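So you can see what is in the structure, the chains are spelled out below.
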Amino acid sequence: MKILIADDHAVVRQGYASLLSTVFAPCEVFEAVNGDQAFSLSQELEPDVVIMDVNMQGISGIEATRRILQRCPNSKVLFFSMYDEIPVVTQALEAGAKGYITKTCTPEILIEAVNKVAAGQLYVEHELAMRLAVSRPEQKDKRLKEMTQREFEIFVMLAQGLSVKEISEQLSISAKTVSNYTAILKSKLNISSTAELVHLAIETGLVKVGTQITGD
């Protein structure tokens, strides 16, 4: 695995580079001091995961992400920032990032996020994900607030069009367990089909119009 860390604080870069190179060994960890260098190195290295700060000298992490994904669509971007404002998180995800966590999280969360994002999964720190789900007036739905972290994760994956088998493989749980969660979600959300689930996710802004619907 190739990991690129883009952050303008040397202590942050070097500290997490050391952690990740140990946890994900054997892997290569590279460092960029700003968004411009992150873009340049991404073209050269084609990293599997880019860990991106938001605010750096030169172009922002969000603009760097757009440019990187245009040239390196197979790279996965994980934002790792001090900012926890929902508009910032929304912009990062709309730029194409696969994940967003804050610098107040534990090293275990960072490791989990890198694992998930590297596997192509969406990972947003749980508190941010719940705030994101209810951030707009039309999103203030108690049903979303009452979901557990696992239920919310499966809800988003179903809404993105993943099948039960794909979800079970990505989350390393049985297809039966995913089916059970799906039944619980439909009961909690008072819906009867996957199509209704996708419609709710679009209404709340969790997925964009155009999501491929699978299932019944």
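Further up the page is the structure itself.
Quick summary incoming for the structure in this document.

The rules behind each value
- Residues numbered from 1 in each chain as written.
- Predicted model: local features only at pLDDT ≥ 70, side-chain atom pairs only at ≥ 80, totals over all residues.
- Heavy atoms only, no water.
- Axes fitted to C-alpha atoms, helices over the stretch in contact; angles between N-to-C directions.
- Helix = DSSP H or I, 4+ residues; strand = E, 2+ residues; numbered from the N terminus.
- Parallel < 35°, antiparallel > 145°, perpendicular 65-115°, else oblique.
- Contact = heavy atoms within 4.5 Å.
- Nonpolar A, V, L, I, M, F, W, Y, C, P; charged D, E, K, R; others polar.
- Salt bridge = Lys/Arg side-chain N within 4 Å of Asp/Glu carboxyl O.
- Buried < 20%, exposed > 50% of the residue type's maximum accessible area, 1.4 Å probe, protein only.

A few words on the packing of helix α2 (residues 35-45) against helix α3 (residues 61-71). Two elements in contact, α2 and α3, have axes separated by 9 Å at closest approach and are oriented at 10°. The orientation of α2 with respect to α3, classified from their angle, is roughly parallel. Listed contacts from α3 to Gly35, Ala38, Phe39, Ser42 and Gln43 of α2 are Ala64, Arg67, Ile68 and Arg71. Along the lines of polarity and charge, the residues of the contact of α2 with α3 split into four nonpolar, three polar and two charged.

As a further point, take the side chain of Glu125. Structurally, Glu125 can be placed in the loop between β6 (123-124) and α6 (126-133). Leaving out residues up to four positions away in the same chain, Glu125 has contacts with Tyr100, Ile101, Thr102 and Cys105.

Taken as a whole, this structure holds six salt bridges when the rule is applied. A salt bridge links Asp7 to Lys103; the shortest N-O distance between them is 2.6 Å. Here Asp7 is found in the loop between β1 (2-6) and α1 (10-23), whereas its partner Lys103 is found in the loop between β5 (99-102) and α5 (107-118), with 96 residues between them in sequence. Between Glu63 and Arg66 there is a salt bridge; the shortest N-O distance is 3.3 Å. Of the two residues, Glu63 and Arg66 both sit in helix α3, three residues apart, roughly one turn of that helix. Owing to a relative accessible area of 36%, Arg66 belongs among the partly exposed residues under this scheme. Sharing partners across several salt bridges, the network here consists of Asp7, Asp53 and Lys103.

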